[in-house]
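Per-entry structural report
Letter by letter, the chains look like this.
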Amino acid sequence: MVGDEGTASTRAQAARIDGALSEAEQDLILPSTEEHDLDLFRDRLNAAYYPAFVDVVGSKPKLDHGRLNAAKLGRVTVGFVRFGHQAVVDPGVIDGFHVNVPVAGAIGSRCGDQSVLARPGTAAVFTPNGPTKLPFWSTDAAQLCLKISREALESELEGLLGRPVPGRLEFGMALDLGTPNGRQWHRALWNLVDSVSMGGLPGAVSDYLERAVICQLLFAADHGLGEDVRGGRSAPLPGAVRRVVELIEGAPEVLLTAADLARHAGVGVRRLEQGFRESLGTTPTAYHQKVRLERARADLLQPAAGETVTSVMYRWGFSNHARFAANYRARFGENPAETLRRSLGA
């Protein structure tokens, strides 16, 4: 578990798209002990991700400050990998979608007939349709590695589109993290990494964060249905807006992605967002957060015995104390702890 200092540090890195992180900064990401034995490192890497040929380049078999820590969640596996040595990784055909996000160094990456030199600012996206290989891993390279279930990604895509996905989905390998959508996805990924690092994440919150990362990837990365996901200029349906409002108001504690809301409405995500902006002057996600904050405030104003800010925060689907406090303060002009103290007469 990472303390406040470590979490604040990793959160700060989310804004650093192009700059490499120092080794000290890297060690705050999903902290773990160093690994120097290549065989143990290989076994752990294969167990977390895919069976792969893994070896170092040169005669030195011992890893220098190698580190590996991966968390298998419901829909994704997210981890930090650093060999501390020039290396080669060859998993062949993988069984899920995958994104590598370098925080230092450079990693040559191939998938099918595509290739990219991934480095800070440029992530590599892999599709489970062709042979995959990392023929070059520089000695100073380190990266976040995100494995995504094929079923989970295609389900989110269907929700965004409002229709079944036709055929196989293929991504362009290079993901520019400097674009607006790339930055948003980068922040969503670090949000997930921060939350996993803190530990004790409720299952519903983890599920929401995972799906948010998948949804945002579908907006940020190049793929055959990207224009459909980012388009959607059809006229909004007022009935769709009403159905989503009723869903949110009825159970705001249930964490829902944009794909969930669009699927419930029976339209694509862009049509739904357009309808919300025209009808309510906000987005479905912002409306959902507003309702959750209002319910949290109601509980803090009339607290049950033993109630804490943390219990209220988790009850209404918020996973991070600092972000919850900031959003609460922006809406109500005081910190949640202040509301609770006043309600308790402290």
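Structural notes, computed from the coordinates. (Residues numbered from 1 in each chain as written. Predicted model: local features only at pLDDT ≥ 70, side-chain atom pairs only at ≥ 80, totals over all residues. Heavy atoms only, no water.)

1. A few points about the sheet that holds strand β6 (residues 107-111)
Convention followed: Strands qualify as paired when DSSP identifies two bridges or more between them. We count a stretch as a helix when DSSP gives it H or I for four or more residues in a row; a strand needs E for two or more, and each element gets its number in order from the N terminus. The angle between two axes is taken between their N-to-C directions and runs from 0 to 180 degrees, where each axis is a line fitted to C-alpha atoms and a helix contributes only its stretch in contact.
Taken in spatial order, the five strands of this open sheet run β1-β4-β9-β6-β7, and their pairing is antiparallel. At either end of the open sheet lies a strand with only one pairing partner, and these are β1 (53-56) and β7 (114-118). Pairs of neighbouring strands in the sheet enclose a mean axial angle of 10°, with direction left out of account.

2. So, the layout of surface pockets
Rule in force here: Put simply, the grid is 1 Å and covers the protein atoms alone, a cavity is a trapped set of points that fit a 1.4 Å probe, a pocket is an open set with protein on both sides within 12 Å along at least five of seven lines, and lining residues have an atom within 4 Å of a point. Grid points are joined across faces, edges and corners, and a volume is the space filled by probe spheres set on the points. When residue character is reported, Ala, Val, Leu, Ile, Met, Phe, Trp, Tyr, Cys and Pro are called nonpolar, Asp, Glu, Lys and Arg charged, and the others, Gly included, polar.
Approximately 1200 Å³ is the volume attributed to the largest pocket. The wall of the largest pocket is formed by 39 residues, among which A188, N191, Y208, A212 and T285 lie closest to the centre. Elements supplying a minimum of two residues to the lining of the largest pocket: α5 (180-198), α6 (203-220), α10 (269-280), α11 (284-301) and α13 (321-332). Partitioned by chemical class, the residues of the lining of the largest pocket number 18 nonpolar, 13 polar and eight charged.

3. Here's the deal with empty space enclosed by the protein
All told, the structure shown has three cavities of 30 Å³ or more when counted by the stated rule. What the largest cavity holds in volume is close to 220 Å³. If you go around the largest cavity, you meet 18 residues; those closest to its centre are Y50, V89, H98, N100 and L134. Only α3 (38-48), β4 (87-93), β5 (97-104), β9 (131-137) and β10 (142-148) provide two or more residues apiece to the lining of the largest cavity. At three residues, the largest contribution of residues to the lining of the largest cavity is made by β9.

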